[in-house]
Amino acid sequence: EEDGRFVVHTRIDQPHQGGETTQVAFHPSQALAVTASQVGAFRVWRERPVSEDVTEWVALRTGAYRDLPCLACSFSPDGSLLAVSCESVLTLWTVDTATGNLKMTQALSHPPPAERITSLAFAGGDTALVVCQTARSVYVWNLLTVSVWWSARLDVLGMVADPTSSIFALSVLVPTPDSSPQEEEKTQGARRGPRVAAVVLFNAASPEPVFSEALPRDCNIRSMAFLDLGRQADGRPSSGLVWVDNHAEVHYTAPTGTFIAHRPKFTANDGAVVAGPVTAGALGSHDRSNDQEEQDTFTIDFARGRLAALNKVGRLVDADSHVLPGAAVLLGA
């Protein structure tokens, strides 16, 4: 509402006859939505008018691929394609925005059958690249060549894509800076041994990270989102990654990819891993020569009018903790 209140628009009980709804995706330009479900189907919904001032959402069509559970879904930036993950298979569909009619165009399978695609996204602004995440890997499909453009084996905890660019972020588990090669060899391919959470940013076109940051040993990433920071001087959109850790502290990256955090600084004397870039042996090197100093407030000057956009985060959490919603609600994607 104009006064800042939120009002329930539509409530649908058991949209998939009791099956768990795994994800909802909205069309970028039409009043159209898709829900994915564990029951082995996904549904296309459309908003329709009931009266002059009232509308409702109704189911138009149901789609499925071999009755496999549908775990994630996403529309392409131009709305021409719908991607749905069915276990380990990436399926691509065209959707008639008027009738909801579905037509499957591709069924692409890359990971082992035991690895389920739990998250996927089109590279922002590019319909040709689709990023898929499983618990043990990330890989990018090139739809023009119908082939895997690149892939990487990582212990992935979560993924979020920037809708304004081809950048996407992963929360992963990586070896601690003090891990020895012998320890890594023993624990390779397993979630064992000394590991810490890290944030890694990739451009979908390249397997080399554009940014990486390991968190202290006692920190875990609870939720991530890209924040719209307006436009740069050349007119291109600008955004920064925001994430919340298990200490309810907010972290973010500047539009240039440098790291800024609203959290205490850690030193080796604190008995914790020093916060720094992910080791080169794990995910490649990271040049911090242009990094800005860590700040203790949200008033960080990104120049060219970006301060006001970033201050939205400050106002978002500028309240007593007992009145704030959970981190997943604040920044859930």
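Caption draft 1: Here's a closer look at the overall build of the chain. What the chain contains, in helices and strands, is 4 helices and 20 strands. Counting every position in the chain, which comprises 333 residues, the buried fraction comes to 45%. Taking contacts inside the chain between residues at least 6 apart in sequence as the whole, the part at least 24 apart equals 48%.

Caption draft 2: Broad picture of the nonpolar core. Formed by 20 residues in total, the largest nonpolar core has its most connected members in Val131, Val138, Leu154, Phe168, Leu170, Val172 and Phe202. Listing elements by their share of this core, those giving two or more residues are strand S10 (129–133), strand S11 (137–142), strand S13 (155–161), strand S14 (167–175) and strand S15 (195–203). Those residues in contact with Val131 that sit more than four places away from it in its chain are Ser119, Leu120, Ala121, Val138, Tyr139, Val140, Met159, Phe168 and Ala204. Leu32, Leu82, Cys86 and Val89 belong to the second largest nonpolar core, which has 16 residues in total.

Caption draft 3: The packing of aromatic side chains, seen in detail. Within this structure, the stated rule accounts for 6 aromatic pairs. Taken together, the ring pairs in this structure connect Trp150, Phe168 and Phe202 into an aromatic cluster.

Caption draft 4: Local environment of the pairing of strand S7 (residues 89–95). Of all the 7 residues making up S7, 6 are buried; the element is thus mostly covered by neighbouring parts of the structure. Sheet topology note: the strand S6 (residues 82–86)/S7 ladder contains 5 bridges and is antiparallel. Bridging across to S7, Val84 finds its partner in Thr91. Between the antiparallel neighbours S6 and S7 lie 2 residues, among them Glu87 with a positive phi of about 55°. As paired strands, S7 and strand S8 (residues 102–109) are joined by 7 bridges and run antiparallel to one another. Across the sheet, residue Thr94 finds its bridge partner in S8, namely Lys103. In this structure, the hairpin formed by S7 and S8 is closed by a connection of 6 residues, where Gly100 is found at a positive phi of approximately 85°.

Caption draft 5: Expanded view of the sheet that holds S10. Taking strand neighbours across the sheet as the criterion, the 4 strands line up as S9-S10-S11-S12 in an open arrangement whose pairing is antiparallel. The strands lining the two open edges of the sheet, one partner per strand, are strand S9 (119–122) and strand S12 (147–153). Within the sheet, the average angular offset between the axes of one strand and its neighbour, ignoring direction, is 15°. Bridge analysis of S9 against S10 gives 4 bridges, and the strand direction is antiparallel. Counted as the bridge partner of Leu120 is Cys132 from S10.

Caption draft 6: How the structure looks around the pattern of salt bridges. Under the definition given, this model contains 5 salt bridges. Measuring nitrogen to oxygen at the nearest pair gives 2.9 Å for the salt bridge that ties Arg48 to Glu56. The residue Asp155 makes a salt bridge to Arg195 at a minimum N-O spacing of 3.6 Å. Taken together, the residues Asp155 in strand S13 and Arg195 in strand S15 connect sequence positions 40 residues apart. Each member of the salt-bridge network shares a partner with another, and the members are Arg136, Asp155 and Arg195.

Caption draft 7: Broad picture of unusual backbone geometry. Positive phi is not limited to glycine here, since Asp67 has a value of about 60°. Relative to the assigned elements, Asp67 resides in the loop between strand S4 (55–63) and strand S5 (70–75). Given a relative accessible area of 63%, Asp67 falls into the exposed group. In the Ramachandran plot, Ala248 falls in the positive-phi region, its phi being about 60° despite a non-glycine side chain. Residue position: Ala248 is located in the loop between strand S18 (237–245) and strand S19 (250–253). For Ala248, a relative accessible area of 65% corresponds to the exposed category.

Caption draft 8: Representation of the environment of Ser119 in the model. In this fold, Ser119 is placed in strand S9. Classification of Ser119 as buried rests on a relative accessible area of 14%. Contact partners of Ser119, with chain neighbours within four places excluded, come to Ala72, Val131, Cys132, Gln133 and Met159.

Caption draft 9: View of the pairing of S15. Among the 9 residues of S15, 8 are classified as buried, and the element is accordingly described as predominantly covered. As judged from the 9 bridges shared by S14 and S15, these two strands associate in the antiparallel manner. Looking at the pairing, Val174 lines up with Val196 of S15. As paired strands, S15 and strand S16 (residues 209–214) are joined by 5 bridges and run antiparallel to one another. Counterpart to Ala198 in the pairing with S16 is Ala214. Counting the residues in the hairpin turn of S15 and S16 gives 5 residues.

Conventions used here
Residues numbered from 1 in each chain as written. Predicted model: local features only at pLDDT ≥ 70, side-chain atom pairs only at ≥ 80, totals over all residues. Heavy atoms only, no water. Helix = DSSP H or I, 4+ residues; strand = E, 2+ residues; numbered from the N terminus. Buried < 20%, exposed > 50% of the residue type's maximum accessible area, 1.4 Å probe, protein only. Contact = heavy atoms within 4.5 Å. Core = buried A, V, L, I, M, F, W, Y, C linked by side-chain atoms within 4.5 Å. Phe/Tyr/Trp six-rings, centres within 6.5 Å; stacked < 30°, edge-to-face > 60°. Pairing = 2+ DSSP bridges. Axes fitted to C-alpha atoms, helices over the stretch in contact; angles between N-to-C directions. Salt bridge = Lys/Arg side-chain N within 4 Å of Asp/Glu carboxyl O.

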